[in-house]
Amino acid sequence: MPQPFTLLQLSDSHLSADPAASYRGENADANLLSLLPACRLLAPDGLVLSGDVAEDASEAAYERAGKMLDGLAVGTAWIPGNHDDQAVMAPVFDRLGFQAGPLLEWGGWQIVLLDSAVPNRPEGYLDEARLAPLDQLAPGRPALVFVHHQPLAVNSPWIDKYPLTEPERLWARLEPETVKAVAFGHVHQAFSGNKNGIACLSSPSTVANGQPGSARFTLDPTGPKARWFRLWPDGRWLSGIVSAG
Ligand SMILES: [Fe+2]
Ligand SMILES: [Fe+2]
């Protein structure tokens, strides 16, 4: 049996220019660092940063993220979140060789990186140009789609207020024979669901997660987390959550 490709998804690190800044009462740098030993044990072949890398869209935050994450995986890719500024993060990550896609080939899988961020808006949107990479997918070869905003409700009212708007524009382009899963961030909790025969999975945040089902953000005391995938070239896959503890 061929070796699977190990993909690690890190999301919503919310680093600030000031390394001592508080994010929802937590320290973004310390919590991300606390998660890294467990992430290294997974020996990821690929790392996807699924947005909200920075809280303040500062160059200093992206530089520190780059320092902390450079070398964690063989290849690193990223998409922006609503708190990011692509114009600031792209030069920093380009210098490190981090990839923005929108289409990558990892382990025989097609990895799609969709930018759903809308300047100065907490919710997301995919216009025709941003959806276009999906038209280039080779049918029947397994694909994994990353997008920052949740394309379905996760049943937590505090964050379901800010979803991917008009998600049917995305769903209309996804064929379950090809797209095995849609992975997102933004929701600051682990979520696992299914729509149209396609798995819908979130990565929790590396700094602060909310308790599922909450009307208002209520800190989950179990700490920072991330999501891993094992991808086999024949389309089989597994996924789970890694935590710092
Ligand atoms: Fe976030
Ligand atoms: Fe977000």
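Note: the structure precedes this text.
Residues numbered from 1 in each chain as written. Chains lettered and ligands numbered in written order. Predicted model: local features only at pLDDT ≥ 70, side-chain atom pairs only at ≥ 80, totals over all residues.

Undergrad: Teacher, can you tell me more about the overall build of the protein chain here?
TA: Looking only at helices and strands, one finds 6 helices and 13 strands in the protein chain. For 245 residues, the compact-globule estimate of 2.2 N^0.38 gives 18 Å, and the protein chain sits close to it at 16 Å. The principal-axis extents of the C-alpha atoms in the protein chain amount to approximately 45 × 35 × 35 Å. Counting the 245 residues in the protein chain, one finds 43% classified as buried. Long-range contacts, defined here as pairs at least 24 residues apart, represent 72% of the contacts in the protein chain between residues at least 6 apart. (Helix = DSSP H or I, 4+ residues; strand = E, 2+ residues; numbered from the N terminus. Rg over C-alpha atoms; globule rule 2.2 N^0.38 Å. Buried ≥ 20, exposed ≤ 12 C-beta atoms within 10 Å, placed from the backbone. Contact = placed C-beta atoms within 7 Å.)

Undergrad: Quick question: what am I supposed to make of the sheet that holds strand E6 (residues 103–106) here?
TA: Note on sheets: strands pair through backbone hydrogen bonds, and any given pair is parallel or antiparallel. The strand order E6-E7-E8-E9-E11-E10 describes an open sheet built from 6 strands, whose pairing is mixed. Across the chains shown, the open sheet's two edge strands, defined by having one partner strand only, are E6 and strand E10 (192–195). Shown here is a sheet whose adjacent strand axes are inclined to one another by a mean of 25°, direction ignored. Sheet topology note: the E6/strand E7 (residues 109–114) ladder contains 4 bridges and is antiparallel. Within E7, the position partnered with Glu105 by the bridge is Gln110. (Pairing = 2+ DSSP bridges. Axes fitted to C-alpha atoms, helices over the stretch in contact; angles between N-to-C directions.)

Undergrad: Help me understand the pairing of strand E8 (residues 143–147) in this model?
TA: As a general feature of sheets, a regular strand has side chains that alternate between the two faces. Among the 5 residues that make up E8, 5 are buried, leaving the element largely enclosed by the rest of the structure. Residues of E8 alternate between two faces, with Ala143, Val145 and Val147 on one and Leu144 and Phe146 on the opposite face, all of them buried. The pairing of E8 with strand E9 (residues 179–184) spans 5 bridges and is classified as parallel. Counterpart to Leu144 in the pairing with E9 is Ala181.

Undergrad: Sorry if this is basic, but what is going on with the packing of helix H2 (residues 59–69) against helix H3 (residues 86–96) here?
TA: Helix-helix packing is described using two parameters, namely the angle between the two axes and the distance between the axes. H3 packs onto H2 with a crossing angle of 25° between their chain directions and a minimal axis gap of 9 Å. By the criterion of interaxial angle, the relationship of H2 to H3 is roughly parallel. Taken as a pair, H2 and H3 cross one another with a handedness that is right-handed. Contacts from Glu59, Tyr62, Glu63 and Gly66 in H2 reach Val88, Met89, Val92, Phe93 and Leu96 in H3. (Parallel < 35°, antiparallel > 145°, perpendicular 65-115°, else oblique. Left-handed = near helix turned anticlockwise from the far one by under 90°.)

Undergrad: Where do I start with helix H1 (residues 28–41) in this structure?
TA: Side chains that are three or four residues apart share a direction in an α-helix, a result of its 3.6 residues per turn. At Leu35, H1 shows its strongest bend, of approximately 30°, with the proline Pro37 following within four residues. Of all the positions in H1, only Ala28, Asp29, Asn31, Leu32, Leu35 and Cys39 are classed as buried. Of the surrounding elements, those touching the buried residues of H1 are strand E1 (5–10), strand E2 (22–23), strand E3 (26–27), H2, strand E12 (225–231) and strand E13 (237–243). In the segment just after H1, Ala43 is the residue with positive phi, at about 50°. (Bend = angle between axes of the 7 residues up to and from the residue.)

Undergrad: It is not clear to me how unusual backbone geometry should be interpreted in this structure. Could you clarify?
TA: Cis geometry marks the peptide bond from Gly101 to Pro102; its omega dihedral reads 10°. Looking at the element boundaries, Pro102 is found in the loop between H3 and E6. One non-glycine residue with positive phi stands out, namely Asp12, at about 55°. Tracing the backbone shows Asp12 in the loop between E1 and E2. Not every positive phi belongs to a glycine, and Ala57 is a case in point at roughly 55°. Within the secondary structure layout, Ala57 lies in the loop between strand E4 (46–49) and H2.

Undergrad: Help me out: how do you make sense of the environment of Ser34 in this one?
TA: Mapped onto the fold, Ser34 is located in helix H1. On the basis of neighbour counts, which here come to 16 C-beta atoms within 10 Å, the residue Ser34 falls in the partly exposed class. For the pair Ser34 and Pro2, spaced 32 residues apart in sequence, the C-alpha separation works out to 32 Å. What Ser34 contacts, discounting residues up to four positions off in sequence, is Pro224 and Ala244.

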